[in-house]
Amino acid sequence: MSGITIQPVAEPRASRILGIGGYRPSRVITNAEVIEQIDSSDEWIRTRSGIESRRWATDEETVVSMSLAAAGKALADAGVQPAQLDCVIVSTVTHLYQTPSAAAEIAHKLGTNQAAAFDISAACAGFCYGLSLASDMVRAGTAGHVLVIGVERLSDLTDQTDRSTAFLFADGAGAAVVGPAASPDDGGIGPVVWGSDGEHLDLIRQREDWRDALHNEAGPAMPHLVMQGNQVFRWASYEMAKAAQQALDAAGVTVDDLDVFVPHQANMRITDAMARQLKLPERVAIARDIATQGNTSAASIPLAIERMLETGEAQSGDFALIIGFGAGLVYAAQVIRIP
Amino acid sequence: MASTEEIREGLAEIVNEITGVPAEDVQLDKSFTDDLDIDSLSMVEVVVAAEEKFGVKIPDEEVKNLATVGDAVTFIEKAGS
């Protein structure tokens, strides 16, 4: 034999997001409810994070069920049938099965034609990581349509007595359908600027692994997420503003061309500091979904985009800068067109 | 090297820009938390801006020792000399 047969890519093609959808869990948790277990106040939480309330899932609102709801909306928004999906990518850190993946179950329950399916672990950058993979698959011809889901039940891994995280983390799902653009000039997903910085893996992490959590002297307990808030704030506000600027540069877009800024909804203060660093003009709409949704990690960007479309702050065709950043540390940023 | 007063003025400008506290309130004897009502996140922003402006490095473990404007000015003077 002479080698592996490589299928040439028929036509150079661009990718874009065709539809977006989210699922917000039914339990609205107020600051008053959160501070029953921590030494804090409604005012402290609002000024430090911008969070007024958050959504936590009920037992019935699982990683898979929330994903199916978000995916159904995204597919309807895109006008794409489940059978047209060639791949399902799910980003989550709270699907509490090591295996099988949430993606395989979701691909089946959605009614795809046995689409390829896998989970990724990129914490709060997960949606942007998944979007980058999906975009490359579509551009290379590996897949026609790809479903990207960011989903979390962070409440499962939140220590409700930890005053630095109990008010912050929340649950939800967001999904996007990625497919080919109508023409190569009509692309809607810019080059990704991404990376990792494992030197700072301690800044946000699961405190102990499952084995230690199960063999805890005080009895088995869920592992919890811990965070060094001020250091994360510094990294996110400054280093991530630089990465966001690089994503603009890579896409050939300036802040003056931009319509919408959707950073991972980590903390309103981070969003504000990044917007200041980027010197965004006042006309750029800034995602502030965190106020009533909390920090939903991989789900936060699609949920925030969905909300902005509903309120009219974002319009189909707008240029949006999105950036995810979180535990790892990892980050990824792109310029996209709002579907 | 900038004088003590120049550093205080520079710091006052930064504090004003980030928190809206009037620059003239940012005097050496003022406590960042108690007098100027600057919380830990705003303090991070002040520190980063001060590092850029004065070309110094203020390590995280040092920030908690900077209780007053005077503490910060002294630290910047020493770090810059």
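The written sequence of each chain sets the order in which its residues are numbered from 1. Each chain gets a letter, beginning with A, and each ligand a number, beginning with 1, in the order they are written. pLDDT decides what is reported in this predicted model: residues at 70 or higher carry local features, side-chain atom pairs at 80 or more are listed and counted, and totals for whole chains, interfaces and linings draw on all residues regardless.

Asker: Is there a simple way to think about the domain arrangement of chain A in this case?
Answerer: Frequently, the measure chosen for interface size is the accessible area that the parts lose on association. All names here are of chain A. Split by domain assignment, chain A resolves into domain 1 (15–185) and domain 2 (193–337). Once C-beta atoms have been placed from the backbone, residue pairs whose C-beta atoms lie within 7 Å are recorded as contacts. Contacts between the two partners involve 47 residues from domain 1 and, on the opposite side, 43 residues from domain 2. In this classification, the charged set is Asp, Glu, Lys and Arg, the nonpolar set is Ala, Val, Leu, Ile, Met, Phe, Trp, Tyr, Cys and Pro, and all remaining amino acids, among them Gly, are polar. A breakdown of the residues in the side of domain 1 that touches domain 2 according to their chemical character gives 21 nonpolar, 15 polar and eleven charged. Domains are outlined according to an automatic or database domain assignment.

Asker: What exactly am I supposed to notice about the UniProt feature "modified residue: O-(pantetheine 4'-phosphoryl)serine" (unreviewed entry) in chain B here?
Answerer: Residue and element names in this part refer to chain B. UniProt positions are given in the numbering used here, feature names are shortened, and annotations may be inferred rather than shown by experiment. The positions UniProt marks with the feature "modified residue: O-(pantetheine 4'-phosphoryl)serine" (unreviewed entry) are Ser40. Working definition: helices are DSSP H or I runs of at least four residues, strands are E runs of at least two. Numbering for both runs from the N terminus. Mapped onto the fold, serine 40 is located in helix 2 (residues 40–54). For the exposure call, what matters is how many other C-beta atoms sit within 10 Å of a residue's own: 20 or more marks it buried, 12 or fewer exposed, and in between partly exposed, using C-beta atoms placed from the backbone. A count of 14 C-beta atoms within 10 Å places serine 40 in the partly exposed class.

Asker: Help me out: how do you make sense of the UniProt feature "domain: Beta-ketoacyl-[acyl-carrier-protein] synthase III C-terminal" (unreviewed entry) in chain A in this one?
Answerer: Mapped onto this numbering, the UniProt entry annotates "domain: Beta-ketoacyl-[acyl-carrier-protein] synthase III C-terminal" (unreviewed entry) at residues 248–338 of chain A. As annotated, residues 248–338 of chain A comprises 34% helix and 24% strand, and the C-alpha atoms at either end are separated by 15 Å.

Asker: Hey, could you run me through the pairing of strand 1 (residues 15–23) of chain A in this one?
Answerer: All names here are of chain A. For strand 1, a buried count of eight out of nine residues is recorded, marking the element as mostly surrounded by other parts of the structure. With eight bridges connecting them, strand 1 and strand 7 (residues 171–180) associate as antiparallel partners. Note on strand 7: the bridge partner recorded for glycine 21 is alanine 175. Two strands are counted as paired when DSSP detects at least two bridges linking them.

Asker: When you look at the interface of chain B and chain A in this model, what are you seeing that I'm missing?
Answerer: Residue-level contacts link seven residues of chain B with nine residues of chain A. Ranked by the residues each element gives to the side of chain B that touches chain A, the list is headed by helix 2 of chain B, at five residues. Here the side of chain B that touches chain A is built from residues that sort into three nonpolar, one polar and three charged.

Asker: What is the right way to look at helix 10 (residues 300–311) of chain A in this model?
Answerer: Think of an α-helix as turning once every 3.6 residues; residues three or four places apart then point the same way. All names here are of chain A. Taking 1.5 Å per residue as the helical rise, helix 10 with its twelve residues ought to reach 16 Å, and the 16 Å between its terminal C-alpha atoms agrees with that figure. Within helix 10, nine of the twelve residues are buried, which leaves it mostly tucked inside the rest of the structure. All buried positions along helix 10 are accounted for by Ser300, Ile301, Pro302, Leu303, Ala304, Ile305, Glu306, Arg307 and Met308. Looking one or two residues beyond helix 10, the residue adopting positive phi is glycine 312, at roughly 85°. Multiplying 1.5 Å by the helix residue count minus one yields the expected span of that helix.

Asker: Explain the sheet that holds strand 11 (residues 260–263) of chain A to me, please; I cannot follow it from the model alone.
Answerer: Pairing between the strands of a sheet comes from backbone hydrogen bonds, and it takes one of two forms, parallel or antiparallel. Residue and element names in this part refer to chain A. The five strands are arranged 8-14-13-11-12 in an open sheet whose pairing can be described as mixed. The two strands at the open ends of the sheet, each matched to only one other strand, are strand 8 (193–196) and strand 12 (285–286). Sheet topology note: the strand 11/strand 13 (residues 319–326) ladder contains four bridges and is parallel. Across the sheet, the residue bridging to proline 263 is isoleucine 323, located in strand 13. Lines fitted to C-alpha atoms define the axes here, with helix axes fitted over just the stretch in contact, and angles between the N-to-C directions of these axes take values from 0 to 180 degrees. Running at roughly 60° to strand 14 (residues 330–337), helix 5 (residues 126–140) makes contact with strand 8, strand 13 and strand 14 of the sheet.

Asker: Would you explain the UniProt feature "domain: Carrier" (unreviewed entry) in chain B in this entry?
Answerer: As annotated in UniProt, the feature "domain: Carrier" (unreviewed entry) corresponds to residues 2–80 of chain B in the numbering used here. Between the C-alpha atoms that bound residues 2–80 of chain B there is a distance of 9 Å. The span itself is 59% helix and 0% strand.

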